[in-house]
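Descriptive structure summary
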Amino acid sequence: MTDLARQKRMANAIRALAMDGVEKANSGHPGMPMGMADVATVLFTRYLKFDPADAHWPDRDRFILSAGHGSMLLYSLLYLTGYPKMTLDELKRFRQLHSQTPGHPESFITPGVETTTGPLGQGVATSVGFALAERMLAAEFGDDVVDHKTFVICSDGDLMEGVSQEAIALAGHLKLNRLIFLYDDNGISIDGPLSLADSVDQVERFKSAKWNATRVDGEDQEAVAAAIDAALKSDKPSLIACKTVIGFGAPHKAGTSKAHGEPLGAEELAGAKKALGWPYGPFEIPDDVLADWRAAGARSKDAHAAWQRRFEAKDAKLRAEFERRFARKRPAALAEAIAALKEKIATEKPTVATRKASEMALEAIVPAMPELILGSADLTPSNNTKTKGIVEVKPGMYAGRYIHWGIREHGMAAAMNGMALHGGLQPAGATFFVFTDYARPAMRIAALADVPAVYVMTHDSIGLGEDGPTHQPVEHLAALRCMPNMRVFRPADAMETAECWQLALERLDGPTVLALTRQNLTPSRLAAGKENACARGAYEIAPADGKALATIFASGSEVELAINAQKLLKDKGIAARVVSVPSLELFLQQPDDYRKKVIGDAPVKLAVEAAVRFGWDAIIGTDGLFVGMSTFGASGPYKEVYKNFGITAEAVAEAIAKRHNG
């Protein structure tokens, strides 16, 4: 048998498993795996550096299936190349509950899956973070320790999503030449021919973004290999547009949308196997084909062993730092830096915006945590994320820790996912809080996939003032609080901001939002304390003078307002206590006894927040009082805007007094 014939049989094994898996599940997308099987075979047998025995080898190449609907392509490859947890039984359980083969690839379930994909465009944009992380770590630890590529299989749909433009523009600008896209150019979408909705020349589009881009026949394995060889020599990222036939081999559905998102059906499947010369039953792989695939899976063992020898020859201090980073262990210096900062704040009692307090925290954290990577979506002077002396990442110059993401909030958030998932780096990116709307799809992936990204979101309320309602977030706190596994902190002053930064960076199982003010705030917490008071989401910040008749709950800038209202109530003979709630959802996760203690038994409960009420009833009850927003904001000086919407200490005191007096 010729080498070409063997390679074709290996590709047909992918096609057969994909067809069988989708057919058994009676659900899924067989067309893409059938069309891209030759491309994937070339990549996995000749180029991709990986070791199924160690799915987390730091210097493996990263493979990202951005076209996540074609997940049976990846699952078939993981089985064929010998990943221990990907068995034939798991392929037979495709799309079944608690299997290793969910409908779309999920990095937190399946070893060998680098990132969760499915929402089109996410893998494409996340891959930029993977590729950037590789270059940045190579600049820090050396090319003999960090030297790998990022390969992506993407679809027409991926490239139609708007985030793809943000991603490819950034990758081209930064000259991420180790990033290679293999584009499944099959001309078909769910609705039918791509020409129904799109006429973009993707090769020319990528060239305009400073990529190398070329076209090949995706069924010609040697042509695909030649294109990859050229890409590996390029000083730019590369797109290889692979012309394929969706559902390749299917006698009636090949080349049509019928092959995209539904099982072929028994008759069509049998016809496809006959056309491919594959006379085997469901999930049956001939011994010789499986042996060839397992040999491909073992191809990088020598490279892995050589890397291990190089790594062990490195300086012990460098090895320890590298291992700490990839084990996601935080440096001891982080807690020490925060403790020292809190003592400094307690002494100086600064009246600053929490965005400025965040900058103060970062000045202390950056030297203590070398893996922390900062950046902003073109709002650096407003977000206050660029610390003194921090070096910027530039095209071809990756030994920095600050990234100018450009006006690409979605691309930034997705790339941050890639950087965090790659390992070795902790990304924190910034924009205005209202623009979480632009970043939300990638933020949701971070929450779903347990990615510890940190979002520095300034200008957090109507307190930003003159920019008006287009920029004033009122529903955003509620929207992000209700997202599972998304932690939202809204600190009240410099002390809480330092504590919230510590909690954000120590969290390893999901993302964190820091919602920060534009306007200055007077200190509400005057003592540092040995414990992190924000760690349980809420705590009593100002006790009542005597038995409490009312409790005021507040977050962020409204804590200061609540304390002022407490003083007004005291003058009225009403003792009130104030509870700071930097993280509502974290507080609601606490044990019952702690929640009951903090909520207390005062007969009047009021929450005040310059946002909508949604979520607060869990603390104040449906009959509780709320002072906040029920409409969009308005343009004007922030103190006048607050007064216009009735969010004042006087309004809080009046509402409580009215309820107390019956």
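I will try to describe carefully the structure that is included in this document. As the structure is a computational prediction, the values presented were derived from the model and not from experiment.

**Focus: the overall build of the protein chain**
A tally of helices and strands in the protein chain yields 26 helices and 18 strands. The C-alpha atoms of the protein chain give a radius of gyration of 28 Å, which matches the 26 Å a tight globule of 662 residues would have. Its C-alpha atoms give the protein chain principal-axis dimensions of about 95 × 55 × 45 Å. A distance of 3 Å separates the average location of the 75 positive side-chain charges in the protein chain from that of its 81 negative side-chain charges.

**Side note on the pattern of salt bridges**
A side chain of one charge can pair with a side chain of the opposite charge when the charged atoms of the two come close. Tallied over the full model, the rule gives 39 salt bridges. Put simply, Asp-288 and Arg-9 hold a salt bridge, and the shortest N to O gap is 3.1 Å. Here Arg-9 lies in helix α1 (residues 3-25) and Asp-288 lies in helix α11 (residues 287-297), a separation of 279 residues in the sequence. On the basis of relative accessible area, Arg-9 is assigned to the buried category, the value being 18%. A salt bridge links Asp-617 to Arg-613, with the shortest nitrogen-to-oxygen separation between them at 2.7 Å.

**Here we look at the sheet that holds strand β6 (residues 212-217)**
The strand order β1-β2-β3-β7-β6 describes an open sheet built from 5 strands, whose pairing is parallel. On the outer flanks of this sheet lie β1 (62-65) and β6, each paired with one strand and no other. Each adjacent strand pair in this sheet contributes to an overall mean axis angle of 20 degrees, direction not counted.

**Here's the deal with the environment of Arg-518**
With respect to the helices, strands and loops of the structure, Arg-518 is situated in the loop between β13 (512-516) and β14 (539-542). Distance in space between the C-alpha atoms of Arg-518 and Ser-382 is 8.2 Å, their sequence separation being 136 residues. At 3.3 Å, the side chain of Arg-518 and the backbone oxygen of Leu-464 are in polar contact.

**Section: the state of the cysteines**
Counting across every chain of the model gives 0 disulfides. No disulfide involves Cys-482; its nearest neighbouring cysteine sulfur is the one of Cys-500, lying 20 Å away. Between Cys-500, a cysteine without a disulfide, and Cys-534, which holds the nearest cysteine sulfur, the sulfur-to-sulfur distance is 4.0 Å. For Cys-500, a relative accessible area of 0% corresponds to the buried category.

**Brief notes about the sheet that holds strand β18 (residues 625-627)**
A sheet is described by the order of its strands in space; here 5 strands give the open sequence β14-β16-β15-β17-β18, paired in mixed fashion. Bordering the open sheet on either side are β14 and β18, each of which pairs with just one other strand. Neighbour to neighbour, the strand axes of the sheet diverge by 30 degrees on average, direction disregarded. In this sheet, β18 lies alongside strand β17 (residues 604-608) in parallel orientation, the contact comprising 3 bridges. Each bridged residue has a counterpart across the sheet, and for Ala-607 the counterpart in β18 is Phe-626. Helix α26 (residues 649-660) rests against β15 (550-554), β17 and β18 of the sheet, and its axis sits at about 160 degrees to β17.

**Things to note about the pairing of strand β11 (residues 454-458)**
Among the 5 residues in β11, 5 count as buried, and that is most of the element. The alternating pattern of β11 places Val-454, Val-456 and Thr-458 on one face and Tyr-455 and Met-457 on the opposite face, and all of these are buried. Crossover strand β10 (residues 426-432) to β11 through helix α18 (residues 436-448) is right-handed. Sheet analysis places β11 next to β13, joined by 5 bridges and oriented parallel. Directly across from Met-457, in β13, lies its bridge partner Ala-515.

Cut-off values and rules
- Residues numbered from 1 in each chain as written.
- Predicted model: local features only at pLDDT ≥ 70, side-chain atom pairs only at ≥ 80, totals over all residues.
- Heavy atoms only, no water.
- Helix = DSSP H or I, 4+ residues; strand = E, 2+ residues; numbered from the N terminus.
- Rg over C-alpha atoms; globule rule 2.2 N^0.38 Å.
- Lys, Arg positive; Asp, Glu negative; His and termini not counted.
- Charge placed at Lys NZ, Arg CZ, Asp CG, Glu CD.
- Salt bridge = Lys/Arg side-chain N within 4 Å of Asp/Glu carboxyl O.
- Buried < 20%, exposed > 50% of the residue type's maximum accessible area, 1.4 Å probe, protein only.
- Pairing = 2+ DSSP bridges.
- Axes fitted to C-alpha atoms, helices over the stretch in contact; angles between N-to-C directions.
- Polar contact = N/O pair within 3.5 Å; in protein donor to acceptor, adjacent residues only side chain to side chain.
- Disulfide = S-S within 2.5 Å.
- Contact = heavy atoms within 4.5 Å.
- Right-handed = clockwise from strand over helix to strand, strands pointing away.

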